[in-house]
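# Observations on the three-dimensional arrangement
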Amino acid sequence: MTFAAIEVRSVHKHFAGVRALDDVSLSLHAGEVHALVGENGAGKSTLIKIMTGVQRPDGGDLSYQGRPVSFTRPRDAQAAGISTIYQEVNLVPLRSVAANLFLGREPVNRFGLIDYRRMHRAAAGILARYGIAVDVRSRLGELGLGVQQMIAVARALSMNARVIIMDEPTSSLEPREVDLLLGVVAMLRDQQVAVLYVTHKLDEVFRACDRVTVLRDGRVAHSGPVAGTTRLRLVAAMLGRDIDQVRRHGATTFGDEQRDTTGAPLLRAEALSRRPVLDDVSVDVHAGEVVGLAGLLGSGRTETAKAVFGVDPLDSGSIRIGGRRARRWSPAAAIRAGLGMVPEDRKAEGVIADLSVRDNIVLAALPRITVGGFLSKRRQAALVDTFVKRLQIKISHPGQKVRELSGGNQQKVLLARMLCLHPKVLILDEPTRGIDIGAKAEIQALIDELAGLGIGVLLISSELEEVVEGADRVLVLRDGAVVGTFRGDEVTEDRIMRTIAVASNEAAAAKDDDD
Amino acid sequence: MTDLRAARSVRIDVPAFLQVAGVYLAIFVLLAFNLMFTPNFATVTNLRLQLVQVAPVAIVAIGMALVIATEGIDLSVGSTMAVAAALLPLYLGYSVWVAVALALTAGVLVGLVNGSLIAFAGMQPIIATLGLLVAGRGLALVFADGRLTELFDPTLDTLGNASVFGVPISVLLVLVVTVAAGVAVYRTAFGRRLLATGGNRAAATLAGLPVKRTLVTVYVLSGLLAAVAGVLTTARQGASDPSFVGLLIELSAITAVVVGGTPLSGGRVRILGTLMGALLMQLIIATVIQQNLPDSTARMIQASIIVAAVYLQRGRRAP
């Protein structure tokens, strides 16, 4: 094997001034399974899009089977033999398995009509080769997601794919289906297909992959054979930490006074379960305490926040606010009980872009600024004025549309929306993601200040530094379950990373993972 | 360099400007044209006729604008008008007020069904209201036994044809509805909830807003306004005609809303623009009739304006 099946060299990509990929190189060899890991926004999707012709790089080269190529559209890449299997299978659920396998290239008889008999026979042959036991006449949508994914793989192979990109293929699969899929991946390796396996599950990297590349903020943070690395090293690379020099005090603006957290908790969530994302998660938040939730993407951080705030229904578990058991739980009920939440996805779940800064800030507090259903301009202005000043939101005037603000100022608008409700407990999901350094420092200082005022804070962050320095107590989540709790001096980046890195089935052998 | 950038930003602003002000501009142009070329256009009788004719569409369109602001649509308005019209003769015997009250209640009930299907059953607005478009007309024909009924009621006749200080009552009603809708949207908590629900439903839910209640309320208002339009049309015609009253009015109303500058994507609404949109469509029809052009011409002009209005909105939404 002299050349790579597909290779990107020094690829750059910018979106509206934001760097998505910076000097990224990656080569994929035939008969090799290459893992691509990284947190949200690390650049994984952009890299895939460039390799499959969906987007074109601003700089750098792409070569396929040793020759430089430039795909102008996805069809070019597919025709060349690069197939992508997405986590949400993009086949036609209402058509049969066979029809999906031959979608767009159905065998026809001499009248130009689809030859179903031949198609079914050929489809059955293809599935048999990969050990997939389903009736080719059944509707694709009636099958499990894992089987659907394998059929997508079979379709790709039957189209002579030389490179298969799998984008988080197991994120919605049951464990049994994961086993089957990884079996198929091993078979692909044997057939000399080059596989790019995008995931955030370290278990799968070590089970199924030969090489691993870690992206962080658009750069390659680590690349090498799986055999020569450890979980801890990968976690450190994903979270942007140097395992040798874990500092106690970094660039955050959190103070380090210890708070008294004895007494009854303001928020007590017990045994929250919601299959398959949450498994028996319990969390308490006391007055004036900042509780951090750490863990990788998909570990159940956001799911915990949403369950506590009543967004998603629970299979089981209980939530108490100030000792009172929550009933008929919804975001509206949670807000009435004294909770507030700033969601992770600012754009999709936070701001209402077409409304003004003023309207966005007072949105949750509407009942407090209305008299007989009519908005009191005076109360509204007073509220908006107070919080714009207190959070130093930079706007030209309160009537300015929120869509015109920077990410940091939008985030402050969302904080203001919750703070003007005077919450007892505030849930902050990634409060500083994607905002500039100045706003970040201000928000971190604000979290400290709020805790000082006796508000309980549940802080979720994929930046380890932020959790370690901001939180009094940290819960580490993995696969929807709490796998570690640290308080006070125990809270260190090193401990958290080690806890995250321990494989679910090797918890006892954690010490072997040391370098 | 600076000049170039300024020039470009001006060019980008043209669609935005047209989306907001295009309807006023078009009305101005049509008025000017008619004043110059149409004999007897600028007479009180003619202008009054135009306004009276547009009243039902304008009232229905205001309700439609509220629905569209929530990213919804209400196709059942014409059938709701028919139900209201069909109920009037049945209860006129008790008292005209009982009959009108029942007709309006029927509009509220249709809105409740629409709103519940959409908010609680999670149905798509276009499907839920399509159901009532079909069912409502059928129901109206059952009530009316499929017949046109002539009505001789002095109160209804006054409502449909009398004037106060020279302004027809139906036109006054349009003004009241427009002002009330404007106040509701811009000055009340309900208006805020409406725009938030249409602008970003997930965010509105997370902010603790009663999203479902807001949706139901909006469809109830639309149903109520449609019933008002049904009563008004019946009063003016002096006859309840459930087969034809409000037929295809949903299309005229949607047109008025869109031409008035309200995007179908929700989160924004123009109440006065909607009224102007309805007026513009009426003016086009009047102009074509008075110029002795075939009716098909009016339709094609209307169609072109709709396409242009939607195109302008598309341009606005692109980042």
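Residues numbered from 1 in each chain as written. Chains lettered and ligands numbered in written order. Predicted model: local features only at pLDDT ≥ 70, side-chain atom pairs only at ≥ 80, totals over all residues.

### Here we look at the interface of chain B and chain A
This is how it is decided: Two residues qualify as being in contact provided that their C-beta atoms, derived from the backbone, are within 7 Å of each other. A run of DSSP states H or I qualifies as a helix once it reaches four residues; a run of E qualifies as a strand once it reaches two. Both are numbered from the N-terminal end.
The interface is formed by 19 residues belonging to chain B together with 23 residues belonging to chain A. Those elements that provide at least two residues to the side of chain B that touches chain A are helix H8 (189-199) and helix H9 (201-206) of chain B. Examining the composition of the side of chain B that touches chain A, we find that seven residues originate from one element, H8 of chain B, more than from any other.

### Topic: the domain arrangement of chain A
Using the following cut-off: Where each domain starts and ends comes from a domain assignment, either automatic or drawn from a database. For this classification, the nonpolar set comprises Ala, Val, Leu, Ile, Met, Phe, Trp, Tyr, Cys and Pro, the charged set comprises Asp, Glu, Lys and Arg, and every other residue, Gly included, is treated as polar.
Per the domain assignment, the segments making up chain A are domain 1 (6-238), domain 2 (249-338 + 423-515) and domain 3 (350-422). Here the residues of the side of domain 2 of chain A that touches domain 3 of chain A are counted per class, giving eight nonpolar, one polar and two charged.

### Let's talk about the pairing of strand E20 (residues 456-460) of chain A
Side chains on a regular strand alternate between the two faces of the sheet. Residue and element names in this part refer to chain A. Stated precisely, the cut-off is as follows: Once C-beta atoms are placed from the backbone, each residue is buried if 20 or more other C-beta atoms lie within 10 Å of its own, exposed if 12 or fewer, and partly exposed for counts between those two. The criterion for strand pairing is that DSSP finds at least two bridges linking the strands in question. With the strands aimed away from the viewer, a crossover counts as right-handed if its path from the first strand over the helix to the second runs clockwise.
Most of E20 is tucked away, with five of its five residues classed as buried. Covered by surrounding structure in E20 are Gly456, Leu458 and Ile460 together with Val457 and Leu459, the residues of both alternating faces. Sheet analysis places strand E13 (residues 290-294) next to E20, joined by four bridges and oriented parallel. Residue pairing across strands places Gly292 opposite Leu459, the latter belonging to E20. Bridge analysis of strand E19 (residues 425-429) against E20 gives five bridges, and the strand direction is parallel. Paired with Asp429 across the two strands is Ile460, which belongs to E20. Between the parallel elements E19 and E20, the chain passes through helix H15 (residues 437-452) in a crossover that is right-handed.

### With respect to unusual backbone geometry
Residue and element names in this part refer to chain A. In this chain, Arg275 is followed by Pro276 through a cis amide linkage whose omega measures -5°. Within the fold, Pro276 resides in the loop between strand E11 (267-274) and strand E12 (278-285). One non-glycine residue, Asn160, lies in the positive phi region at around 60°. Assignment of secondary structure puts Asn160 in the loop between helix H5 (145-158) and strand E7 (163-167). Phi at Glu430 is positive, roughly 50°, even though this residue is not glycine. With respect to the element layout, Glu430 can be found in the loop between E19 and H15. Judged by local crowding, Glu430 falls into the buried class, with 23 C-beta atoms found within 10 Å.

### Looking at the sheet that holds strand E5 (residues 67-68) of chain A
The strands that make up a sheet pair up through hydrogen bonds in the backbone, lying either parallel or antiparallel. Residue and element names in this part refer to chain A. For clarity, the threshold we go by: Helix axes are fitted only over the stretch in contact, all axes being lines through C-alpha atoms; the angle between N-to-C directions runs from 0 to 180 degrees.
Judged by pairing direction, the sheet is antiparallel, and its four strands sit side by side in the order E2-E1-E4-E5 without closing on themselves. Edge positions in the sheet fall to strand E2 (18-28) and E5, since each has one partner strand and no second. Sheet analysis places strand E4 (residues 59-64) next to E5, joined by two bridges and oriented antiparallel. From the neighbouring strand, Tyr64 faces E5, where its bridge partner is Arg67. Contacting strand E1 (6-15), E2 and E4, helix H1 (residues 44-51) runs over the sheet at an angle of about 120° to E1.

### Digging into the environment of Ala101 of chain B
Residue and element names in this part refer to chain B. The residue Ala101 is located in helix H4 (residues 96-119) in this model. What makes Ala101 partly exposed here is the crowd of 14 C-beta atoms within 10 Å. Through-space distance from the C-alpha of Ala101 to that of Leu232 is 13 Å; in sequence the pair is 131 residues apart.

### Observations concerning the sheet that holds E7 of chain A
Residue and element names in this part refer to chain A. Ordered by their spatial adjacency, six strands build an open sheet running E6-E7-E8-E3-E9-E10, and the pairing between neighbours is mixed. One side of each edge strand has no neighbouring strand; the edge strands of this open sheet are strand E6 (82-85) and strand E10 (219-225). The mean inter-strand angle of the sheet, taken between neighbouring strand axes irrespective of direction, is 15°. Bridging between strand E3 (residues 33-37) and strand E8 (residues 194-198) involves four bridges; their strand directions are parallel. Bridging from a neighbouring strand, Val33 pairs with Val195 of E8. Helix H6 (residues 175-190) rests against E3, E7 and E8 of the sheet, and its axis sits at about 150° to E8.

### Comments concerning helix H17 (residues 493-501) of chain A
Residue and element names in this part refer to chain A. Among the nine residues in H17, seven count as buried, and that is most of the element. For H17, the complete set of buried residues consists of Glu493, Ile496, Met497, Arg498, Thr499, Ile500 and Ala501. Of the surrounding elements, those touching the buried residues of H17 are helix H7 (202-208), helix H8 (231-238), E13, helix H16 (464-470), strand E21 (473-478) and strand E22 (481-487).

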